Amino acid sequence: MTLDDMLTYTASELLDDRTELVTGDNDDLWSDSYLVRQFNEAQKILCRRAWVIVEYGSIPAGSITLRTGVSVYPLHKSVLRVYDGTPTTQTAPLGRTEDINLRDTSVVTPYPADAFNAVELGQAASLAGGLATLSGAPLAFASDAASRTLRVFPPPTSTQNGVKVYMKVARLPIKELSLDDMDAEPEVPAEFHLQICEYAAGKALTLPNVDADQKPEGRRLLAAFDQVVKEARQERQRAEASAYRWNFSSTTAVLR
């Protein structure tokens with residue numbers, strides 16, 4: 001649905017708020033700008049709670065450019081989750097881990113520190129202070145270095161400078177709907193466009209200046225939208241469920 005279609009459906013059909021008068025100004029309770037703000041908010045709720053926008057290598061959210069000696073890279077403000085990352089120099093994705101593991105000094109010390117012992121890990125870090133760290137082609141990444149921040153390990157050298165890493169990400173909408181472009185469509189999938197309209201109508205009907213007898217309908221529309229969000233999350237989780245079978249560990253499973 002275009003923004004024009006969404007406003008017509010919401011204001012005229014759901015809210016019955018666009019009756020044109022023979023004379024005088026139209027007595028509209030809810031402006032188009034208010035409804036558009038609610039459309040944008042509904043998109044964000046769907047994306048934050050259900051991750052309905054998942055893309056690979058999208059610009060500008062789904063890629064970073066490596067720089068010599070730089071380990072930490074800010075992600076686009078729309079990124080909610082980084083699933084994986086693949087440099088353009090290879091076909092296999094990088095290893096994924098937690099940020100603390102990439103900062104573990106065991107990668108440069110001759111005797112790996114016990115990751116479960118804070119004192120031993122801190123001592124190894126102190127002793128490794130003068131050792132040279134690894135550098136070169138990226139091997140792994142962590143997306144919890146900071147809010148919307150990616151750490152690449154090891155730090156790239158001049159050979160990797162300019163190499164792009166394309167990422168599979170779940171993200172928020174990048175361009176909000178605006179009255180300046182009535183032909184624009186929401187970035188969330190089309191199956192949620194009607195629910196976005198109903199969310200906006202529900203928010204409109206629960207405003208303080210609305211008659212009390214209309215507020216229950218507004219609350220019903222908002223509750224229905226919440227249910228749609230829950231189901232969208234369930235559908236995404238089902239789609240991402242692994243089909244791999246479990247197997248025995250080669251180090252603990254020994255034939256007797």
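The following paragraphs examine the structure supplied in this document.

Rules of the game
Residues numbered from 1 in each chain as written. Predicted model: local features only at pLDDT ≥ 70, side-chain atom pairs only at ≥ 80, totals over all residues. Heavy atoms only, no water. Axes fitted to C-alpha atoms, helices over the stretch in contact; angles between N-to-C directions. Helix = DSSP H or I, 4+ residues; strand = E, 2+ residues; numbered from the N terminus. Left-handed = near helix turned anticlockwise from the far one by under 90°. Contact = heavy atoms within 4.5 Å. Nonpolar A, V, L, I, M, F, W, Y, C, P; charged D, E, K, R; others polar. Pairing = 2+ DSSP bridges. Parallel < 35°, antiparallel > 145°, perpendicular 65-115°, else oblique. Salt bridge = Lys/Arg side-chain N within 4 Å of Asp/Glu carboxyl O. Buried < 20%, exposed > 50% of the residue type's maximum accessible area, 1.4 Å probe, protein only. Core = buried A, V, L, I, M, F, W, Y, C linked by side-chain atoms within 4.5 Å.

**What to know about the packing of helix α5 (residues 193-205) against helix α6 (residues 215-240)**
One way to put it is that α5 packs onto α6 with a least axis distance of 7 Å and a crossing angle of 145°. Between α5 and α6 lies a crossing of left-handed hand. Between α5 and α6, the residues in contact are Gln-195, Glu-198, Tyr-199, Ala-201, Gly-202, Lys-203 and Leu-205 and Lys-215, Glu-217, Gly-218, Leu-221, Leu-222, Phe-225 and Val-228, respectively. Of the residues that constitute the contact of α5 with α6, the class distribution is seven nonpolar, three polar and four charged.

**Examining the pairing of strand β8 (residues 164-171)**
As paired strands, strand β1 (residues 54-56) and β8 are joined by three bridges and run antiparallel to one another. Bridged to Val-54 within β8 is Ala-170. With three bridges connecting them, strand β2 (residues 63-65) and β8 associate as antiparallel partners. Along β8, the bridge assignment pairs Ile-64 with Val-165.

**Some remarks on the packing of helix α2 (residues 32-50) against α6**
With their axes 9 Å apart at the nearest point, α2 and α6 run at an angle of 40° to one another. For the element pair α2 / α6, the angle class is oblique. The hand of the α2/α6 crossing is right-handed. Judged by residue contacts, Ala-42, Ile-45, Leu-46, Arg-49 and Ala-50 of α2 engage Phe-225, Asp-226, Val-229, Ala-232, Arg-233 and Arg-236 from α6. Counted by class, the contact of α2 with α6 contains seven nonpolar, no polar and four charged residues.

**A short note on the environment of Arg-49**
Within the secondary structure layout, Arg-49 lies in helix α2. A sequence separation of 177 residues divides Arg-49 from Asp-226, and the C-alpha atoms of the two residues are 9.9 Å apart. Excluding residues that lie within four positions of it along the chain, Arg-49 makes contacts with Asp-226, Val-229 and Arg-233.

**Points about the pattern of salt bridges**
For the structure on display, the rule yields seven salt bridges. Residues Arg-171 and Glu-187 are paired through a salt bridge, measuring 2.8 Å at the closest nitrogen-oxygen approach. Here the residue Arg-171 occupies a position in strand β8, and Glu-187 occupies one in the loop between β8 and α5, the gap between them amounting to 16 residues. With relative accessibility at 6%, the residue Arg-171 sits in the buried group. Exposure remark for Glu-187: the relative accessible area of 27% places this residue in the partly exposed category.

**Comments concerning the nonpolar core**
Residues Trp-30, Leu-35, Phe-39 and Val-52 are the most contacted members of the largest nonpolar core, which totals 37 residues. For this core, the element with the highest residue contribution is α2, accounting for nine residues. Ignoring any residue separated from it by four or fewer positions in sequence, one finds Val-52 in contact with Leu-46, Cys-47, Val-188, Pro-189, Phe-192 and Ala-232. In terms of nonpolar packing, the next biggest core, distinct from the first, is built from 15 residues, Ala-61, Leu-75, Val-165 and Met-167 among them.

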